[in-house]
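So you can see what is in the structure, the chains are spelled out below.
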Amino acid sequence: MSIHILLDGGYSMPNSSTFFGRLSLRVGHWLAARHRNIALGKACKISPEARMHPRGGRIVLGDQCTISPGAIVQGNVRMGKCCSVQSYSVVIGYGSAEQEEGVITLGDYVRIAPHVTMLAGNHRFADPGRPIHEQGLELAPIHIGNDVWIAAGARIMAGVSIGEGCVVGAGSVVTKDIPPHSIAAGVPARVIRKRETLPPPKEGGAASGK
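Residues numbered from 1 in each chain as written. Predicted model: local features only at pLDDT ≥ 70, side-chain atom pairs only at ≥ 80, totals over all residues. Heavy atoms only, no water.

Q: In this structure, what is going on with unusual backbone geometry? I would like to understand it.
A: For residues that are not glycine, phi is negative in most cases, and the peptide bond is trans in most cases. Here the residue pair valine 187 and proline 188 is connected by a cis peptide bond, since its omega of -5° sits within 30 degrees of zero. Among the structural elements, proline 188 can be located in the loop between strand 21 (182-185) and strand 22 (190-194). In this model, tyrosine 88 sits at a positive phi of 65°, which is unusual for a non-glycine residue. (Helix = DSSP H or I, 4+ residues; strand = E, 2+ residues; numbered from the N terminus.)

If you want it as structure tokens, here you go:
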């Protein structure tokens, strides 16, 4: 059992509600910030059990971002403010700090649920006479707009852009761009509704505050 489970009480989100929770967050912040090419904004909450490493690229987090226990954020990744990456999600960009070909970019207020995968590159495999691992990677950026929710277990393929205000359903595999304010789901994911066409909340529902 990790010492940080004792310190933070086992909560799945980094939190600062207790002295020991704040102590654990200080450790997580230090573990991330010790890398030269990681820049953290103000009031970021980084679990010490997250795996953050720039790999030769660059990671930039805006203010008030949260990286949960077990999350992997590595390579070329840029996040806006108030983003969260939940437990056991994998966000990996590729290339050097100067390259844009394999960058993963998240806008502001992006919510990434547990077990989501984003990889901004694919193995080349065109030559059957050579081992796949010797053929290199085909890099392609991933762009996520502002105010996007990617639900649990979704897979976002290299080269995909998801527009502002979108919702991606749990378990979806996103292989093509999704226009803004869309709800997309399925394998492969397709737009099933626009958010502007959602029915109004029922009287007494959660939106009413009751």
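Q: Explanation requested: the sheet that holds strand 3 (residues 51-53) in the structure shown.
A: Paired through their backbone hydrogen bonds, the strands of a sheet run either parallel or antiparallel. Spatial ordering of the open sheet is given by 3-6-9-12-17-20, a layout of six strands whose pairing is parallel. Two strands in the sheet have a free side with no partner beyond their single neighbour: strand 3 and strand 20 (173-174). In this sheet, strand 6 (residues 72-74) lies alongside strand 3 in parallel orientation, the contact comprising three bridges. Within the sheet, the bridge partner assigned to arginine 51 lies in strand 6 and is isoleucine 72. (Pairing = 2+ DSSP bridges.)

Q: Even after reading the chapter, I still don't get the nonpolar core, so can you show me in this structure?
A: Side chains of nonpolar character tend, in soluble globular proteins, to be buried together. One finds Ile67, Met79, Ile150 and Ile162 to be the most contacted residues of the largest nonpolar core, which totals 41 residues. Of all the secondary structure elements, the ones that give two or more residues to this core are strand 4 (59-61), strand 7 (77-79), strand 9 (90-92), strand 10 (104-106) and strand 15 (142-144). No other element matches strand 9, which puts three residues into this core. Discounting residues that sit within four places of it in the chain, isoleucine 162 has contacts with His143, Ile144, Gly145, Val148, Ile150, Ile156, Val168, Val174 and Ile178. (Core = buried A, V, L, I, M, F, W, Y, C linked by side-chain atoms within 4.5 Å. Buried < 20%, exposed > 50% of the residue type's maximum accessible area, 1.4 Å probe, protein only. Contact = heavy atoms within 4.5 Å.)

Q: Before we go on, may I ask you to explain helix 2 (residues 19-33) in this structure?
A: Structural remark: α-helix, 3.6 residues per turn; residues separated by three or four positions point the same way. For helix 2, built from 15 residues, the straight-helix expectation of 21 Å at 1.5 Å per residue is met to within 8% by its first-to-last C-alpha distance of 21 Å. If you check which residues of helix 2 are buried, you get Gly21, Ser24, Leu25, Gly28 and Ala32. Axial view of helix 2: buried residues confined to an arc of 100°, hence all on one face. Residues of helix 2 that are exposed and point more than 90 degrees away from the buried face comprise Phe19, Arg26 and Trp30. You can read the cap of helix 2 off the contacts: a side-chain oxygen lies 3.0 Å from the backbone nitrogen of glycine 21, and it is on threonine 18. (Expected span 1.5 Å × (residues − 1). Arc of directions from axis to C-beta. Polar contact = N/O pair within 3.5 Å; in protein donor to acceptor, adjacent residues only side chain to side chain.)

Q: Explain the sheet that holds strand 7 here, please?
A: Spatially, six strands are ordered 1-4-7-10-15-18 in an open sheet, and the strand pairing comes out parallel. Since the sheet does not close on itself, it has two edges, and those belong to strand 1 (38-40) and strand 18 (161-162), each with one partner.

Q: Hey, could you run me through the pairing of strand 22 in this one?
A: Sheet topology note: the strand 21/strand 22 ladder contains four bridges and is antiparallel. Looking across to strand 22, one finds that serine 182 is bridged to lysine 194. Linking strand 21 back to strand 22 in an antiparallel pair, the connection comprises four residues, with glycine 186 at a positive phi of about 110°.

Q: Please explain the state of the cysteines as it appears in this structure.
A: Simply put, disulfide is the name for a covalent bond between the sulfur atoms of two cysteines. Within this structure, the stated rule accounts for zero disulfides. Unpaired in this structure, cysteine 82 has its nearest cysteine sulfur neighbour in cysteine 65, at a distance of 7.0 Å. Judged by relative accessible area, which is 15%, cysteine 82 ranks as buried. (Disulfide = S-S within 2.5 Å.)

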